[in-house]
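Below, each chain spelled out in residue letters.
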Amino acid sequence: MEKIISRPWSWSWLAAALTFAITSALTDGSGAGALAYAALSFGAFAAIVGLGQMIVITLGPGNVDLSIPAVMTLSGTLALKAMGSEPGTAMLGLGVAVLVGLGTGAANFALIYALRLPPIVATLAASLVYQSIAIWSNRGLRIKPPAGLADFATGRVLGVPNVALVGLALAIVVWIALERSVWGRWLLASGQNLRAARLAGVPVETVRASAYVTVTVLASVAGYLLASFSGGAALNMGQDYLLMSIAVVVIGGTSIAGGLSNVPGVWGAALFMFLVVSMLNSYGAGAGVRMVLTGLIIIGIVIAASTKRARK
Amino acid sequence: MTISRLLLGAAAIAVSAGVASAESHLSETSDMRIALSNNYAGNSWRQAMLQSWEEVAGKAVENGVVAAADAYTTSENQATEQAAQIQNLILQGYDAIVLNAASPTALNGAVRAACDAGVVVVSFDGVVTEPCAWRIAVDFQQMGREQVEYLATRLPDGGNLLEIRGLAGVFVDDEIHAGIQAGVEANPQFEIVGSVHGDWAQDVAQKAVAGILPSLPEIDGVVTQGGDGYGAAQAFEAAGRDMPIIVLGNRQDEMKWWAEMRDESGYETLSLSIAPGVATLAFWVSQQILAGAEVPKDLTVPFLKVTQDTLDETLAATPEGSVANVLYSQEDAQKVIADAKEAM
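If you're wondering where the values come from, they're calculated on a predicted model, not measured in any experiment.

What counts, and where the lines are drawn
- Residues numbered from 1 in each chain as written.
- Chains lettered and ligands numbered in written order.
- Predicted model: local features only at pLDDT ≥ 70, side-chain atom pairs only at ≥ 80, totals over all residues.
- Heavy atoms only, no water.
- Helix = DSSP H or I, 4+ residues; strand = E, 2+ residues; numbered from the N terminus.
- Rg over C-alpha atoms; globule rule 2.2 N^0.38 Å.
- Buried < 20%, exposed > 50% of the residue type's maximum accessible area, 1.4 Å probe, protein only.
- Contact = heavy atoms within 4.5 Å.
- Areas by Shrake-Rupley, 256 points an atom, 1.4 Å probe, with all protein chains shown as cover.
- Lys, Arg positive; Asp, Glu negative; His and termini not counted.
- Charge placed at Lys NZ, Arg CZ, Asp CG, Glu CD.
- Buried area = accessible area lost by both parts, 1.4 Å probe.
- Salt bridge = Lys/Arg side-chain N within 4 Å of Asp/Glu carboxyl O.
- Polar contact = N/O pair within 3.5 Å; in protein donor to acceptor, adjacent residues only side chain to side chain.
- Pairing = 2+ DSSP bridges.
- Axes fitted to C-alpha atoms, helices over the stretch in contact; angles between N-to-C directions.
- Expected span 1.5 Å × (residues − 1).
- Right-handed = clockwise from strand over helix to strand, strands pointing away.
- Disulfide = S-S within 2.5 Å.
- Phe/Tyr/Trp six-rings, centres within 6.5 Å; stacked < 30°, edge-to-face > 60°.
- Lys NZ or Arg CZ within 6 Å of the ring centre and 35° of its normal.

Q: What is the right way to read the overall build of chain A from this model?
A: A tally of helices and strands in chain A yields 14 helices and two strands. Taking 312 residues into account, the globule formula puts the C-alpha radius of gyration at 20 Å, and chain A, at 19 Å, falls close to it. Counting every position in chain A, which comprises 312 residues, the buried fraction comes to 54%. Sequence-distant contacts in chain A: of pairs separated by 6 or more residues, those separated by 24 or more amount to 79%. Within the structure as shown, chain A displays about 12800 Å² of accessible surface, and the carbon and sulfur contribution to it stands at 73%. Side-chain charges of chain A comprise 18 positive and 8 negative groups, with the mean position of each set lying 10 Å from the other.

Q: Which parts of the structure should I look at to understand unusual backbone geometry?
A: Across residues other than glycine, the phi torsion is negative in most instances, and most of the peptide bonds are trans. Despite not being glycine, L158 of chain A shows a phi value in the positive range, around 50°. Within the secondary structure, L158 of chain A is located in the loop between β1 (156-157) and β2 (160-161). Even without glycine at this site, D125 of chain B takes up a positive phi of about 55°. Mapped onto the elements, D125 of chain B comes out in the loop between β4 (120-124) and β5 (134-138). Judged by its relative accessible area of 12%, D125 of chain B is buried.

Q: Is there a simple way to think about the interface of chain A and chain B in this case?
A: Quite often, the size of an interface is put as the accessible area lost when its parts meet. In this assembly, 33 residues from chain A lie in contact with 32 residues from chain B. Together, the buried faces of chain A and chain B total about 2800 Å²; carbon and sulfur atoms form 53% of this surface. Summed over the three residues of chain A that lose the most area to chain B, namely R139, R142 and K144 of chain A, the buried surface amounts to 23% of that side. Seen at the junction of chain A and chain B, the total is two salt bridges. The shortest N-O distance in the salt bridge between D253 of chain B and R142 of chain A comes to 2.5 Å. The interface formed by chain A and chain B includes six residue pairs in polar contact (both at pLDDT 80 or more).

Q: Any chance you could explain the sheet that holds β5 of chain B here in plain terms?
A: Sheet strands pair by backbone hydrogen bonding; their relative direction is either parallel or antiparallel. Residues and elements named next belong to chain B. Strand order in the open sheet made by the six strands is β2-β1-β3-β4-β5-β11, with parallel pairing throughout. With one partner strand each, in any of the chains shown, β2 (68-73) and β11 (298-301) form the two edges of the open sheet. Taken pair by pair, the neighbouring strands of this sheet meet at an average axis angle of 20°, ignoring direction. In terms of strand pairing, strand β1 (residues 33-38) meets strand β3 (residues 96-100) through five bridges, oriented parallel. Pairing of L36 across the sheet is with V98, part of β3. Strand contacts of helix α4 (residues 79-91): β1, β2 and β3, with the helix running at about 170° to β1, the strand carrying the most contacts. Here helix α11 (residues 278-290) sits on the sheet and contacts β1, β2, β3, β4, β5 and β11; the angle it forms with β4, its principal contact strand, is near 155°.

Q: I'm lost on the environment of A287 of chain A in this one. Help?
A: Looking at the element boundaries, A287 of chain A is found in helix α14 (residues 287-311). Classification of A287 of chain A by relative accessible area gives buried; the value is 15%. For A287 of chain A, the contacting residues outside a window of four places in its chain are A168 and H197 of chain B.

Q: Whenever I open this one, helix α3 (residues 44-62) of chain B confuses me. Can you help?
A: Since there are 3.6 residues in each turn of an α-helix, residues three or four apart along the chain are aligned in direction. Residues and elements named next belong to chain B. Counted at 1.5 Å a residue, the expected span for α3 with its 19 residues is 27 Å, and the 26 Å between its end C-alpha atoms agrees. Within the span of α3, buried status applies to S44, W45, R46, Q47, A48, M49, L50, S52, W53, V56, A57 and A60. G64 sits one or two residues past α3 and shows a positive phi near 80°.

Q: Would you take a moment to explain the pairing of β4 of chain B for this structure?
A: If a strand is regular, its side chains alternate between the two faces of the sheet. Most of β4 of chain B sits out of view: five of its five residues are buried. A crossover links β3 of chain B with its parallel partner β4 of chain B, the connecting element being helix α5 (residues 108-116) of chain B, and its sense is right-handed.

Q: When you look at the state of the cysteines in this model, what are you seeing that I'm missing?
A: Two cysteines whose sulfur atoms are joined by a covalent bond form what is called a disulfide. Residue and element names in this part refer to chain B. Summed over the entire model, instances satisfying the criterion amount to one disulfide over all chains. Covalently, C115 is tied to C132 through a disulfide, its sulfur atoms 2.0 Å apart. On the sign convention where negative means left-handed, the S-S torsion of about 80° between C115 and C132 marks this disulfide as right-handed. Placement of the pair is C115 in helix α5 and C132 in the loop between β4 and β5, with a sequence separation of 17 residues. Accessibility expressed as a relative area gives 18% for C115, which makes it buried. C132 gets classed as buried once you look at its relative accessible area, which sits at 13%.

Q: Help me understand the packing of aromatic side chains, please; the structure alone is not making it clear to me.
A: A ring pair, where both rings are aromatic, is described by two values, the distance of the centres and the angle of the planes. Enumeration according to the criterion identifies nine aromatic pairs over all chains in this entry. Each ring, one from F283 of chain B and one from W284 of chain B, has its centre 5.0 Å from the other, and the planes form 70°; the classification is edge-to-face. Neither F283 of chain B nor W284 of chain B differs from the other in exposure class; each is buried. Connected via pairs of aromatic rings, a cluster forms that spans F42, F45, F229 and F274 of chain A. Residue placement shows R116 of chain A over the ring face of Y113 of chain A; its charged tip is 5.5 Å from the ring centre. The ring of Y94 of chain B carries the charged tip of R33 of chain B above its face, separated from the ring centre by 4.4 Å.

Structure representation (C-alpha cells):
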C-alpha cells in the first residue's frame, strides 16, 4: 500500500475515484455507469493530447507546446474536408490528420531550432498561422464525418468507448517508448540535463525534434477523433485543450522541471478533469465557484503529489 | 417579421442598393469610406457574419453607394488590441466605423476619440456603452424569455429544464440567462434542475451535458443560447435517454437533425438566434447616418426564428455547416430606423 501511495500517479487516480464516488452519490444505480462511460469518452481526448504535452514537458524547463488547440482544429478541419462525408474514406482522413501533425511539428521545431525562439513564443506564433489556415480552408463550415467513422467514434466495444480504447492503445505505445526504448532514455536524459546528455553522446536535437513532432501528431489524431465524435470540426473545437493538456500532465505527476514522465498519471488526471467539472455541475455550483474550486483542487493535488516525492 | 419576408428582402438586395440611393432625398455618400472593426473570427457565426458583410457591403461599393467598406478583424479577441485598431482606423480617415466590440466598456475611450475626430461609430451585437456611439442591440433577455414561453405552450404541465449557458462572464450569457430566469419565474410549473456552460460550442456543450446527465432526473426541456443544441442532443442520445424538447440556435447541423427527427418521430421544437447578417444592417445604418438621416442612438434588431412551418425553407437556404442568415437591405435599415423613431 505504502508503495502504491508513494507513486506520483496514484494521486490523480485517487482524486478521480473520489470525485467519481461523490458525483455517483447523486445518481441512482444506473447513473454511475453512464458517468463512467462519459468520463472515459471525453477523458480520452484530454489523455491523448496530454500524452504529447507530457513528452515535450519532459524535455525540461521552457519546453511546452501551445499550438495544440490550433493543430487540433486544423487537422479536424482538413481531415473532414478531405473525407467530404464519403463512406470508406476514414483512412484517408486519418492520413491527412497525421500529415498535418508531421507538418506542424516540423514547422514548430524549425522555428525553435533555426530561429532560436523560445518554444512558448514559437508554438504560440505558429498556432496563429495554423488557426488562420483552418479558417481560410473552410471558413468554419461544419462537414459531417462519414457515417462509418462517426459510428466508430461514438461506439463501444464490451461497454468501453472506442475512443477510450484508442487512447489506451496510444498510452501503451508511449509508455513502451518511454520506459523500454533507447529513445525514452535519451528523452529523460535530455530533460534532466541537456548539456550532460549532449556530452554523453545523446543526439539531443534529434530527440527534441522527435518530441515536438510527436506532440502535434497526437494532437492531430485527437482533433480527427474529436471532430468525428462530435459531428464535424468547428473552429473553436481545440480551445478547451490548451490548459487541459498542461493540467493533466502536472496533475498526473510528471515533473514540470522535466526529466521525469508519468503515463498512467495522465489518464487518471484526464478522467479527473472531466469528473471534477461534472461533480461541481451536478451539485449546482455556479461558474465562478466552479472555476475557483477547480483551481484549488488542482493546486491541492499538485502539492500533495510533490511533497510526497520530496519526502522520499 | 416572418422569415419568408426576410429572405425576400435578401433576394432584393442587388436591386435595392442601386435604386434606393437614386431616389433618396439624402445627401450623397459615394465618396465616403466605412470600416468594420471585428473582434473575433473563430467560429461559424462570425465567419458567416464576415461573408455577409463582404457580399452586401462589397455590392454597395461596386454600385458606388460608398467608396470603401473594408473589414478588419483582431487576432486575439482583446479589447486593448481592438482599441489600437480603432485608433488606426481613425488615422486612416474612415468616415464611419461599424463595430462588433470585445467589451461593452473597455473600448469607450477609443470610441470617444473616434467621435471627437468626426467619425460615426455604429456598434452591433457586441455593443458599447459610450453615448456618442449608435447601438444595434438584440433583446437577449427576450430571447431567453421566449424559450420558456414556447416550452410552456408545449408542456402546459411544466417539467424539468436543463439550461445550457454560454461563456461565463460574457454580457450576452448573463442577459440570456436573466431572460430564462424571468421566464421560469413567470411559469413556475418549470424548474431548472441543472445548468452547465457550453461556451456556445457543440463539443463543449456535449461534454458538459454528458457529465451532468447521470445525476439528473428526467429532463423535459433544454433551454440554450445557440451553437449548443446539437451537442446536447448527441449527449442525450449517447446516454440513451428520451429526447427532450431542445430549443435550437439556427445552426445548419441543428436544423438538419431537427428535420430528420421530425420525419422519424414527429419531433417539434423552436429555433432562434441572431442572424449574422446583422452586420449588414449595421452597415446600412451607418450609411444612412453618413447620408444625414436622423437616427436614434438605440436600435433593436429582431432575432431570427425558425418554426416547424419554416424549417424546410430555412434549411434549404442555409449552406451546409453554416448558420441561418438574413441579409439586410437599405430599405430594411430605413424601416428599422423609422420604427425606432416611432417608438420614441
